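# Understanding the architecture of this molecule
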Amino acid sequence: MSIPLDSPALALRAALHAALVADAALLALLGGSRIHDVPPAEADFPFVALGEAVVADWSTATEAGTEHALTLHVFSRSGGRAEAYAVAEAVAQALHDAPLALAGHRLANLRATTAEVRRESDGRTFHALVRFRAVTEPL
């Protein structure tokens, strides 16, 4: 199955990225615009990566819609869990109920649902997973 260029998932992903790179509080915590779709091999820490999305039909009998279960990732190597939680909270604050403009679609809602922080197997990297639920409708 190919994803059309006017996909609500791609439109939402672009809007999420735009909102995050425009958030001054988040950028201050990151030390710059360290928000990646695909992180570079030698990314500076901390950083945020746009992650997985599960997309499902959310249509009713009369209206089309798409539900998105999204995961954004925060990676930190400083301050232990505290930095990872702080950046995760900033990501949630930047996006929860944000009135994002999507190309070709309307965002009905965007809610932060969960966040967790894990220590990676290298013992020095902390990885926060920030999950969201969104519903979009075609224009």
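Structure's up top.
Presented here is an overview of the structure given in this document. (Residues numbered from 1 in each chain as written. Predicted model: local features only at pLDDT ≥ 70, side-chain atom pairs only at ≥ 80, totals over all residues. Heavy atoms only, no water.)

With that settled, consider the overall build of the protein chain. Helix and strand counts for the protein chain come out as 3 helices and 5 strands. In summary, the protein chain has a C-alpha radius of gyration of 15 Å against a globular reference of 14 Å for 139 residues, a match within 12%. Summarising its shape, the C-alpha atoms of the protein chain cover approximately 50 × 30 × 25 Å along the three principal directions. In the protein chain, which comprises 139 residues, the proportion classed as buried is 40%. (Helix = DSSP H or I, 4+ residues; strand = E, 2+ residues; numbered from the N terminus. Rg over C-alpha atoms; globule rule 2.2 N^0.38 Å. Buried < 20%, exposed > 50% of the residue type's maximum accessible area, 1.4 Å probe, protein only.)

In this section: unusual backbone geometry. Here Phe45 and Pro46 are connected by a cis peptide whose omega angle stands at -10°. You can see Pro46 is positioned in the loop between β1 (35-36) and β2 (47-57). Phi angles above zero are rare outside glycine, and Asp97 is one such case at about 60°. Positionally, Asp97 belongs in the loop between α3 (80-95) and β4 (105-119). For Asp97, a relative accessible area of 45% translates into the label partly exposed.

Given 3.6 residues per helical turn, the α-helix brings residues three or four places apart onto the same face. For α3, which comprises 16 residues, the first-to-last C-alpha distance of 24 Å matches the rise-based estimate of 22 Å (1.5 Å per residue) to within 8%. Listed as buried for α3 are Glu83, Ala84, Val87, Ala88, Ala90, Val91, Ala92, Ala94 and Leu95. Note on α3: the residue one or two positions beyond its end, Asp97, has a positive phi of about 60°. (Expected span 1.5 Å × (residues − 1).)

Further remarks concern the pattern of salt bridges. A complete count under the given rule lists 7 salt bridges for this structure. Here Asp122 makes a salt bridge to Arg77, at a shortest N to O gap of 3.5 Å. With Asp122 in the loop between β4 and β5 (126-138) and Arg77 in the loop between β3 (66-76) and α3, this pair connects stretches of sequence that are 45 residues apart. Judged by relative accessible area, Asp122 falls into the partly exposed class, the value being 41%. Three or more residues joined by partner-sharing salt bridges are found here, namely Glu116, Arg118 and Arg131. (Salt bridge = Lys/Arg side-chain N within 4 Å of Asp/Glu carboxyl O.)

Within the secondary structure layout, His105 lies in strand β4. Overall, the relative accessible area of 12% leaves His105 in the buried class. For His105, the residues in contact, after removing those within four places along its chain, are Asp6, Ser7, Pro8, Ala11, Glu137, Pro138 and Leu139. (Contact = heavy atoms within 4.5 Å.)

This next bit is on the environment of Arg77. With a relative accessible area of 37%, Arg77 lands in the partly exposed category. For Arg77 and Phe45, which are 32 residues apart along the polypeptide, the C-alpha to C-alpha distance reads 6.4 Å. Apart from the residues lying within four places of it in its own chain, the contact partners of Arg77 are Phe45, Glu83, Asp122, Arg124 and Thr125. Within the structure, Arg77 has its side chain in polar contact with the side chain of Thr125 (distance 2.7 Å). (Polar contact = N/O pair within 3.5 Å; in protein donor to acceptor, adjacent residues only side chain to side chain.)

Taken in spatial order, the 5 strands line up as β1-β2-β3-β5-β4 in an open sheet, and their pairing is mixed. In the strand order of this sheet, the two ends are held by β1 and β4, each with one partner. Where β3 and β5 come together, 11 bridges link them in antiparallel fashion. Bridge pairing in β5 links Leu72 to Val130. α3 rests against β2, β3, β4 and β5 of the sheet, and its axis sits at about 10° to β5. (Pairing = 2+ DSSP bridges. Axes fitted to C-alpha atoms, helices over the stretch in contact; angles between N-to-C directions.)

In short, geometric facts, not functional conclusions.
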